[in-house]
Amino acid sequence: MTDSAFVVVRPGALTTVQDLGRFGHAHLGVPRSGALDQPAHRLANRLVGNAEGAATLETTLTGCAVRLRRTATVAVTGAPCPVTVDGRPAAWGAAVRVPAGALLEAGAAAHGVRSYVAFDGGVEAETVLGSRSTDVLSGLGPAPLAHDAVLRLGPPRGPVPGVDGVPHRGAARELVLPVVLGPRDDWFTTAGLRTLATGEFRVSAASNRIGLRTEGPALERAKDGELASEGMALGALQVPPDGRPVLFLADHPTTGGYPVVGVVPEPYLAAAAQAVPGTPVRFTPLGRVSWPLSARRDVPSDGTGGVAEGVAKNVAEGVADRD
Amino acid sequence: MTMRSLPVGEHGLLIELDSGEAAEALHAELLRRAAARRLPAVREIVPAARTVFLDGLADPGRLAAELPGWRIPPLDRDDSATVEVPVRYDGPDLAGVAERWGVTPEEAVRIHSGTEFRVAFCGFAPGFGYLTGLPERFHVPRHATPRTRVPVGSVALAGAYTGVYPRSSPGGWQLIGTTDTVLWDPAREPAALFTPGTRVRFVPEPEPGPAAADRGTDTAPRSVSEGAAP
């Protein structure tokens, strides 16, 4: 049979279809979703000649195996893992020609968590709100891969570009995450913020596509009570009542009611998505951004609560100018 | 009106206001400005209980500095369409809610269905709207222990809000009824029936039919929501 599809032989622990994600629907409660390690996803697509937005498979720890019904150019990136075609070793991080009928397997991650499997033409799942991504929080997009499921591939692309070599990050002994403080750092005591900066945290096994949970010391709160629900950013460090920060990844809820002590900039989230449970985590607070934090419409320029005070407050606190 | 602009990472801006109404008015103004191309490029605008969050701004500080000079008209309550949602008031918590309100269940139904609601914001799940409009004396607490499974279409109350579960999920709100109205349909434009600003009226249906008891068992949730789940 030579149709443009593949059959799932081994779905692994969790293998989902992912692209760059859904944008512009957060106000309806729709998470961004998309590949957690976006550089790896983009690289896999480039290796097989796809546009970066084509859908790939994102595996979790144990890889996956599929049988192709048409000859395809395939590349596996992200977490390094043994790649085989009909049981014979093939290259990781490179374009591999897989003949029709052959079994392609991405094995268990040697280190890291998530590998990306790109096929020339991309995975052709149904598009929901502009994306083919599986969103595990809200259930949008294609179901996670299941045994015997059949997924379609897009039409094969033209010639595969030559690539000299694929850079690869080694296994991280420690995850170091910069944190831009705010918007709710004032919900924590000075000691609580010191705990964030100096505490020894570890990646919890309860982590998933929604969030990287941590184990470690609790951040001491300055304010009790509940925060009214507010919009949540990708990379937000939300602190639930147990005091252990949860780093929001692509499938995070769009609003939430626990205070966000700070936000990890997007370029660092790929490393977070590849950190295995038990990996030590160190947060390095960067301070607040330096634009005015307080502005009152009803008391213009009286110096008590307006823009001038906001700037003065930042300067007084010795906050670096990050604009 | 007081506005507080708070940084959210390098490209986000959280604007905090005194009230939900002020947040709705600012959100409406932001949408007007976006439509008129008088707003800097932004990836998401997310209204919530007392805040509006803007994400993907190149220079959030600049917008924060401009905000105090804006004229924000008060919310126009008549500028949006009204969605009518037929409800069977058969929820397991209806009697308890009526008791808290100090009225009979029949009177509780009249109060709820006689209220004009407005979608203040969405969240929790695609298509879940937080509807405001119930006077403060009718606000009820969430259950101390959330139900592990609330059927799709459940009409529920908690705090200042009413909501309808767009799919089966865990939840801690007080369930007062059920509806067959489809809250979320990705094939529809927009996919969500409730979008921020939409006015909503619940219309009582006659007694529940035999089909009502089993609703929602076909859509098992794929995961458990985190954070402040309804």
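Parameters and conventions
- Residues numbered from 1 in each chain as written.
- Chains lettered and ligands numbered in written order.
- Predicted model: local features only at pLDDT ≥ 70, side-chain atom pairs only at ≥ 80, totals over all residues.
- Heavy atoms only, no water.
- Helix = DSSP H or I, 4+ residues; strand = E, 2+ residues; numbered from the N terminus.
- Buried < 20%, exposed > 50% of the residue type's maximum accessible area, 1.4 Å probe, protein only.
- Contact = heavy atoms within 4.5 Å.
- Polar contact = N/O pair within 3.5 Å; in protein donor to acceptor, adjacent residues only side chain to side chain.
- Phe/Tyr/Trp six-rings, centres within 6.5 Å; stacked < 30°, edge-to-face > 60°.
- Pairing = 2+ DSSP bridges.
- Axes fitted to C-alpha atoms, helices over the stretch in contact; angles between N-to-C directions.
- Buried area = accessible area lost by both parts, 1.4 Å probe.
- Salt bridge = Lys/Arg side-chain N within 4 Å of Asp/Glu carboxyl O.
- 1 Å grid on protein atoms, 1.4 Å probe; cavity = no way out; pocket = protein on both sides within 12 Å on 5 of 7 lines; lining within 4 Å.
- Points joined across faces, edges and corners; volume = space filled by probe spheres on them.
- Nonpolar A, V, L, I, M, F, W, Y, C, P; charged D, E, K, R; others polar.
- pLDDT = per-residue confidence, 0-100.
- Expected span 1.5 Å × (residues − 1).
- Core = buried A, V, L, I, M, F, W, Y, C linked by side-chain atoms within 4.5 Å.

**Student:** Go over the overall build of chain B with me, naming the residues and quoting the values.
**Tutor:** On a plain count of helices and strands, chain B comes out with 4 helices and 13 strands. Here chain B holds 230 residues, and the buried ones make up 53% of them. Within chain B, counting contacts between residues at least 6 apart in sequence, those at least 24 apart form 64% of the total.

**Student:** Tell me what's going on with the environment of R32 of chain A, and back it up with residues and numbers.
**Tutor:** All names here are of chain A. Mapped onto the elements of the fold, R32 is located in the loop between strand 2 (16-18) and helix 1 (38-47). In this structure, the C-alpha to C-alpha distance between R32 and A250, residues 218 residues apart in sequence, is 5.8 Å. Within the local environment of R32, its side chain forms a polar contact with the side chain of E266, the two groups lying 3.1 Å apart.

**Student:** Got a sec to walk through the packing of aromatic side chains? Specific residues and values, please.
**Tutor:** Residues and elements named next belong to chain B. For the coordinates displayed, the defined rule picks out 13 aromatic pairs over all chains. When the ring of F128 is compared with that of Y165, the centres are 5.6 Å apart and the planes differ by 70 degrees; the resulting orientation is edge-to-face. With a gap of 37 residues between them, F128 in the loop between strand 6 (117-122) and strand 7 (129-132) and Y165 in the loop between strand 10 (161-164) and strand 11 (169-171) connect regions that are remote in the sequence. Like F128, the residue Y165 is buried in the burial classification. Summarising the aromatic geometry, the rings of Y130 and W173 are spaced 5.7 Å apart at their centres and angled 70 degrees between planes, so their arrangement reads as edge-to-face. Note that Y130 is positioned in strand 7 and W173 in the loop between strand 11 and strand 12 (174-178), a separation of 43 residues in sequence.

**Student:** Could you give an account of the pairing of strand 10 (residues 115-119) of chain A, with specific residues and numbers?
**Tutor:** Remark: a regular strand shows side chains that alternate across the two faces of the sheet. Residue and element names in this part refer to chain A. Within strand 10, 5 of the 5 residues are buried, which leaves it mostly tucked inside the rest of the structure. Taking every second residue as pointing to the same face, both faces of strand 10 are buried, with S115, V117 and F119 on one and Y116 and A118 on the other. Two strands pair when backbone bridges link them, and strand 3 (residues 56-58) and strand 10 are joined in this way by 2 bridges, in the antiparallel orientation. Counted as the bridge partner of E58 is Y116 from strand 10. Bridge count for strand 5 (residues 72-78) against strand 10 is 5 bridges, and the pairing is antiparallel.

**Student:** Report on the sheet that holds strand 4 (residues 64-68) of chain A, specifying residues and quantitative values.
**Tutor:** Residues and elements named next belong to chain A. Taken together, the 6 strands give an open sheet; going across it, the order is 7-6-9-4-1-11, and neighbouring strands pair in antiparallel fashion. The open sheet terminates on both sides in strands that have one partner only, identified here as strand 7 (88-90) and strand 11 (150-152). Averaged over neighbouring strand pairs, the angle between their axes works out to 30 degrees when direction is ignored. Note that strand 6 (residues 83-85) and strand 7 share 3 bridges and pair antiparallel. Its bridge partner lying in strand 7, V85 is registered against R88.

**Student:** Which residues make up the interface of chain A and chain B, and what values go with them?
**Tutor:** Between chain A and chain B, the contact holds 56 residues from the first and 55 residues from the second. Buried surface at the junction of chain A and chain B, summed over both partners, amounts to about 4,400 Å²; 58% is from carbon and sulfur atoms. Where chain A packs against chain B, one counts 2 salt bridges. Across the salt bridge formed by R43 of chain B and E266 of chain A, the nearest N and O atoms sit 3.6 Å from each other. Broken down by secondary-structure element, the contributors of at least two residues to the side of chain A that touches chain B are strand 12 (175-181), strand 15 (230-231) and strand 21 (295-296) of chain A.

**Student:** I'd like a rundown of empty space enclosed by the protein, residues and numbers included.
**Tutor:** Across all of its chains, the model carries 4 cavities of 30 Å³ or more by this definition. As a volume, the largest cavity reaches approximately 110 Å³. Taken together, the residues that form the lining of the largest cavity break down as 8 nonpolar, 2 polar and 3 charged.

**Student:** An account of the pairing of strand 10 of chain B is requested, with residue identities and associated values reported.
**Tutor:** Residues and elements named next belong to chain B. Judged by which residues are buried, strand 10 turns out to be covered on both faces: Y161 and G163 on one side and T162 and V164 on the other are all buried. Direction of pairing for strand 9 (residues 154-158) relative to strand 10: antiparallel, over a ladder of 4 bridges. Note that in strand 10 the partner of A156 across the bridge is G163.

**Student:** How would you explain the sheet that holds strand 19 (residues 260-263) of chain A if you had to name every residue and give the values?
**Tutor:** Residue and element names in this part refer to chain A. A barrel is described by the order of its strands in space; here 7 strands give the closed sequence 12-19-16-17-14-13-20, paired in mixed fashion. Averaged over all pairs of adjacent strands, the angle between their axes in this sheet comes to 40 degrees, without regard to strand direction. With 6 bridges joining them, strand 12 and strand 20 (residues 280-287) adopt parallel strand pairing. Bridge pairing in strand 20 links V176 to R282.

**Student:** How would you summarise the confidence of the model for chain A if you had to cite specific residues and measurements?
**Tutor:** Per-residue pLDDT for chain A averages 88, and the proportion of residues at 70 or more is 87%. Across residues 294-323 of chain A, confidence stays below pLDDT 50; counting only partners more than four residues off in sequence or on other chains, it has 47 contacts.

**Student:** Outline helix 1 (residues 20-35) of chain B, supporting the account with residue identities and numerical values.
**Tutor:** Residue and element names in this part refer to chain B. The terminal C-alpha atoms of helix 1, which comprises 16 residues, lie 22 Å apart, in line with the 22 Å expected from a rise of 1.5 Å per residue. Buried positions along helix 1 lie against strand 1 (2-8), strand 2 (12-17), strand 3 (44-47), strand 4 (51-55), strand 6 and strand 7. A positive backbone phi angle near 55 degrees is found at R37, which sits one or two residues after helix 1.

**Student:** I'd like a description of the nonpolar core, backed by residues and values.
**Tutor:** Residue and element names in this part refer to chain A. One finds L175, L177, L237, L247, V261 and F283 to be the most contacted residues of the largest nonpolar core, which totals 37 residues. Counting residues per element, the ones that place at least two in this core are helix 1, strand 10, strand 12, helix 2 (190-198), strand 13 (201-203), helix 3 (269-273) and strand 20. Those residues within four positions of V261 in sequence are excluded, and the remaining contacts are L181, G182, R184, D185, F188, L193, L196, L219, L237 and V239.

**Student:** Explain the layout of surface pockets to me, using residue names and the numbers behind them.
**Tutor:** Approximately 900 Å³ is the volume found for the largest pocket. A228 and S229 of chain A together with A49, A160 and Y161 of chain B are the residues nearest the centre of the largest pocket, which is lined by 35 residues in total. Put simply, the parts of the chain that give the lining of the largest pocket at least two residues each are helix 1, strand 6 and strand 7 of chain B. A per-element tally of the lining of the largest pocket places strand 6 of chain B first, with 4 residues.

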